[in-house]
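Spelled out, the chains give:
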Amino acid sequence: MRTIPCVVLLCLSSCVSQAAVSARAAAESELAEPIVVDGPPESGAVQTGGCADLARSVASRHPGSRAATQRGRASLARSRAKGSLPPPRAAFEVWDFPIGAPETADEDGMYMVSLGQELPAPGMRSGEARVDAEEARADAAEARERARMIYGEVAHACVDWAGSAAAIDHWRRYLSLVESSREASVAAFRAGAPLAGVARLDAELATAERKLAIAEEETRQARRTLEELTRGLAKLPTEPPALSALSTPPLGGEAVAERDDVRAARGRVEGALAQSDVAEASALEPELEVRATYMQMPGARAGLGAMVGMSLPWLWGGGSDAREAAEHDVNAARSELESAQRRARAEVTRADGQARVLGRSLQMLTEREIPAAERAMEAHHASATGALFDLAEWLEAALALRQARLDEVETRTALAHALVDLAIARGTPTAREGRRAP
């Protein structure tokens, strides 16, 4: 039994183990670091041109991340508190007070002053200190996990803004195309052609104008959403980023960093193991109490007293149940860690597959479908003013080109969203080297 040697150590250092000291030092280091999202944070209100830059800036400053960091600092402070000895206790006692003749209290009875100290079971304070230190490390990882989620929220909103703005450009180009054909049809009508062609083009113009109005409203709403997400944290660029720039990064297979949600789960496993050590110490090791007493009886010599007491956890007190509960907590924490690891792998696989599918679709659109539709449109456009002009065929070609270009906008938008999801799944927006000690 290590009770007696640990009494001296408790008085000197609260008997805090090296594991607890190391965990606390690591927690202090991790909490002291600024939340950096894939690069150093920019200072002040930033003017950014890309969705990734904007999302990184917001995530680095967001109060949601700060809240987790502050909870970690609270856990770290509790770790320091629990690693210290409890405060000493002073007491004043009166024995054998003459109740029937209180006027003789200066002649009878006994008066004592004592100073005592409780000494927790060896391993308890160390384990409790380590529990909160590991929780602080988990909170530090949680802060970066929140930054990763905020990064995704802002990046997705920015992609929506860029996608709706690209749709505006598409509908404006299509309107210009239809208007030019309408002008040719009006000229043909004045030369004796039927009015039906002009009326059909007017209907198509009305449809395109409605779609343009929808895209413009969607762009305004997307910007308003971004303004709320970035308020006080970053400055929006005047114009949305180019959708083509957001949807064409290489789909590389770089190594996946350990995500912060996995790090947080790993920290909670360590905390549960430390709590298991606390339960073990509480069930097997006694708590001690030492007390020194000064006694004085009126008219008699003064005396000194000493007391040493200890708990008897082997008899009763629920120690075995506490150990069982701690074992279940450890198993639960390990299951949560495994679940987080599985979820991370599945999300990476799913996001990578979606990005590859959309990338292939975009390649086919830009390399084959759109050029073919453009060639068909050029052929019909060349005969727009001739006698053989067929409005129905022209409209069919125009609608095919319109749909192909709209598909390109939608596919680029979906691909940009998929690439954001892939970055989030990989954990790369907040990945840093050497963040957690082994």
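What you see is a predicted model; the values in this text were computed from it and never measured.

So, the packing of aromatic side chains
Okay, step 1: Tallied over the entire structure, the rule returns one aromatic pair.
Okay, step 2: Ring geometry for W171 and Y174: centres 6.0 Å apart, planes at 80°, overall edge-to-face. One end of the pair, W171, and the other, Y174, are both in helix α5 (residues 124-190), three residues apart, so they sit about a helical turn from each other. Like W171, the residue Y174 is buried in the burial classification.
Okay, step 3: Seen from the ring of Y174, R402 lies directly overhead, with NZ or CZ sitting 5.4 Å from the centre.

Brief notes about the pattern of salt bridges
Okay, step 1: Under the definition given, this model contains 29 salt bridges.
Okay, step 2: The shortest N-O distance in the salt bridge between E134 and R130 comes to 4.0 Å. Here E134 pairs with R130, and both are found in helix α5, just four residues apart, close to one helical turn.
Okay, step 3: When its relative accessible area of 15% is taken as the criterion, R130 is described as buried.
Okay, step 4: Notably, a salt bridge pairs E145 with R148, separated by 2.7 Å at the nearest N-O pair. You can see E145 and its partner R148 sitting in helix α5, three residues apart, about one turn around the helix. By the burial criterion, E145 is buried, and R148 matches it.

A closer look at the sheet that holds strand β1 (residues 89-95)
Okay, step 1: The four strands lie next to each other as β1-β2-β3-β4, forming an open sheet whose pairing is antiparallel. Single-partner strands in this sheet number two, and they are β1 and β4 (302-310). The average undirected angle you get between the axes of adjacent strands in this sheet is 20°.
Okay, step 2: As paired elements, strand β2 (residues 110-119) and strand β3 (residues 288-296) share nine bridges and run antiparallel to each other. Bridging across to β3, V113 finds its partner in Y294.

Describing the state of the cysteines
Okay, step 1: Throughout the structure, instances matching the rule amount to one disulfide.
Okay, step 2: Between the sulfur atoms of C51 and its disulfide partner C158 the distance amounts to 2.1 Å. Residues C51 and C158 share a disulfide whose torsion about the S-S bond is about -80°; that sign makes it left-handed. A residue pair is termed long-range when its members are at least 10 positions apart, and C51 in helix α3 (residues 51-61) and C158 in helix α5 qualify at 107 residues.
Okay, step 3: For C158, a relative accessible area of 2% translates into the label buried.

Brief notes about the nonpolar core
Okay, step 1: Judged by nonpolar contacts, the single largest core of 51 residues is most densely connected at L54, V154, W171, L226, M377 and W394.
Okay, step 2: In terms of residue count, α5 provides more of this core than any other element does, 19 residues in total.
Okay, step 3: Those residues in contact with M377 that sit more than four places away from it in its chain are L177, W394, A397, A398 and L401.
Okay, step 4: Grouped together as the second largest cluster of nonpolar side chains are nine residues, A265, A272, A333 and A340 included.

What about the side chain of S57?
Okay, step 1: Within the secondary structure layout, S57 lies in helix α3.
Okay, step 2: Since its relative accessible area comes to 4%, S57 is described here as buried.
Okay, step 3: Looking at S57, its side chain comes within polar contact range of the side chain of R61, at 2.7 Å.

Cut-offs and rules
Residues numbered from 1 in each chain as written. Predicted model: local features only at pLDDT ≥ 70, side-chain atom pairs only at ≥ 80, totals over all residues. Heavy atoms only, no water. Phe/Tyr/Trp six-rings, centres within 6.5 Å; stacked < 30°, edge-to-face > 60°. Helix = DSSP H or I, 4+ residues; strand = E, 2+ residues; numbered from the N terminus. Buried < 20%, exposed > 50% of the residue type's maximum accessible area, 1.4 Å probe, protein only. Lys NZ or Arg CZ within 6 Å of the ring centre and 35° of its normal. Salt bridge = Lys/Arg side-chain N within 4 Å of Asp/Glu carboxyl O. Pairing = 2+ DSSP bridges. Axes fitted to C-alpha atoms, helices over the stretch in contact; angles between N-to-C directions. Disulfide = S-S within 2.5 Å. Core = buried A, V, L, I, M, F, W, Y, C linked by side-chain atoms within 4.5 Å. Contact = heavy atoms within 4.5 Å. Polar contact = N/O pair within 3.5 Å; in protein donor to acceptor, adjacent residues only side chain to side chain.

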